[in-house]
Amino acid sequence: MKKISTLLAIVIMAAVISAGCGNDNKDTIVISGKKWTEQYILPEILSQYIQAKTDYKVKVKEGLGEVSILTPALDKGDIDMYVEYTGTGLEAVLKDKAKPGESSEDVLKKVREGYKKKYKVDWLEPLGFENTYTLAYKKDSGIDAKTFSDLVPDSSSMTFGAPHQFYERADGYDAMAKAYGFKFKDQKSFDPNVMYDAVKNGDVDVIPAFTTDGRIQRYDLATTKDDLGFFPKYDAVPIVREDVLKKFPKLKDVVNQLAGKISEAEMSEMNAKVDIDHQDPKKVAKDFLIKKGLIKK
């Protein structure tokens, strides 16, 4: 009886250990993303394309959180892949610093090497667009600026509004203000989606808008150029755990078929369809894939 009890205990312990090993034993590819529009659309594009081109099972775990949540989730195997931006991977995760004006290729090379060594995660091929920051303002606000530097002289009379994460990032508000010499009279924190309404309604003067956000055009906002090259390249790239690529051998080639297929204008329009036209991200992703001839109806 004692031997049976001991054997049973060993079996139970093995099951507990196995259950705690992330997703190593699952037969489903789990794709996730951050909690904003573009990151709801991109996992759907990946998911629907993978399912159309393979017999793999795919699950979307939407809106898991920011990079501080997604990175450990990927490392632990709680998720298998998501779309990250090269500059974010370099500075927010690897704690490295891009050189001013450093090329997309060089930044991608750095994150590929860093993630492979630290996390055993592979950066695949870029999807074709960069989503970087532009300081945006309402065209009829009286501000006239073409570059970030143009905003500096009058910044002491302006209110700056941004998502709370922007104030916490190493490459966020404090570092940007120091690099350019901004002295905004006030800083306000908003949900990323509310931020655009805030500048549209005049609650703030300037926001760090995403270049692919459809509300820039729809809300008639003016944008400025990062003339000092403060922000690194933020090319959108699917990243995947190496063990997942081994388990699903077709996955890398299939996802890389999406390389260069999404332009900044196309991503911006998809974002606008969700944010302004209130379409479902799943439908927007499907419509895009069909329109591009990447999947059938």
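Once a new chain begins, its residue numbering starts again from 1 and follows that chain's sequence as written. Whole-chain, interface and lining totals are the exception, using all residues; otherwise, since this is a predicted model, local features are given only for residues with pLDDT of at least 70 and side-chain atom pairs are given and counted only at 80 or more. Computation of side-chain values covers all heavy atoms of the structure but excludes hydrogens and water.

(A) Structural context of the packing of aromatic side chains. Stacked, edge-to-face and tilted are the three classes for Phe, Tyr and Trp ring pairs, Trp counted by its six-membered ring, which pair at centre distances within 6.5 Å; planes under 30 degrees apart are stacked, over 60 edge-to-face, the rest tilted. One pass over the structure, following the stated rule, counts 21 aromatic pairs. Ring centres of Tyr133 and Phe166 lie 5.1 Å apart, and the angle between their planes is 65°; on these two criteria the pair is classed as edge-to-face. Separated by 33 residues along the polypeptide, Tyr133 in strand S5 (residues 133-138) and Phe166 in helix H7 (residues 164-168) bring together distant segments of the chain. As far as burial versus exposure is concerned, Tyr133 and Phe166 are alike and both buried. A positively charged side chain is recorded as over a ring if its NZ (Lys) or CZ (Arg) lies within 6 Å of the ring centre. The angle to the ring normal must also be within 35 degrees. Cation over ring: Lys200 sits above Tyr219, and NZ or CZ is 4.4 Å from the ring centre. Helix and strand labels come from DSSP, where a helix needs a run of H or I of at least four residues and a strand needs a run of E of at least two; each type is numbered from the N terminus. Burial classes: relative accessible area under 20% of the type maximum marks a residue as buried, over 50% as exposed, and values in between as partly exposed (1.4 Å probe, protein chains only).

(B) Layout of the side chain of Asn131. Counting through the fold element by element, Asn131 comes out in the loop between strand S4 (121-123) and S5. Polar side-chain contacts of Asn131 include one of 3.0 Å to the side chain of Glu38. Should any heavy atoms of two residues lie within 4.5 Å, those residues are counted as being in contact. In contact with Asn131, other than residues within four places in its own chain, are Trp36, Glu38, Tyr85, Phe210, Thr211, Thr212 and Tyr234. Any pair of N or O atoms that falls within 3.5 Å is considered a polar contact. Within protein, one atom must be able to donate a hydrogen and the other to accept it, and sequence-neighbouring residues count only if both atoms are side-chain atoms.

(C) Main features of the pairing of strand S6 (residues 159-163). Of all five residues that make up S6, five are buried, and the element is covered over most of its length. Here a strand pair is declared whenever DSSP counts at least two bridges between the two strands. With five bridges joining them, S6 and strand S7 (residues 186-190) adopt parallel strand pairing. Each bridged residue has a counterpart across the sheet, and for Gly161 the counterpart in S7 is Lys188.

(D) Structural context of the sheet that holds S5. Reading across the sheet, the three strands line up as S8-S5-S9 and stay open at both edges, with antiparallel pairing between neighbours. Of all strands in the sheet, those with a lone pairing partner are strand S8 (207-210) and strand S9 (221-222), marking the two edges. Alignment of S5 against S9, held across two bridges, turns out to be antiparallel. The residue of S9 that forms the bridge with Tyr137 is Ala222.

(E) Expanded view of the pattern of salt bridges. Salt bridge criterion: a side-chain nitrogen from Lys or Arg within 4 Å of a carboxyl oxygen from Asp or Glu. Tallying each qualifying case throughout the model produces 16 salt bridges. Between Lys252 and Asp122 there is a salt bridge, with the nearest N and O atoms lying 3.0 Å from each other. Here Lys252 is found in helix H12 (residues 251-256), whereas its partner Asp122 is found in strand S4, with 130 residues between them in sequence. With a relative accessible area of 35%, Lys252 lands in the partly exposed category. Asp220 is paired through a salt bridge with Lys139; the nearest N and O atoms lie 3.2 Å apart. Note that Asp220 is positioned in the loop between helix H10 (215-218) and S9 and Lys139 in the loop between S5 and helix H6 (148-151), a separation of 81 residues in sequence. Salt bridges sharing partners connect three or more residues here, namely Asp80, Arg241 and Asp243.

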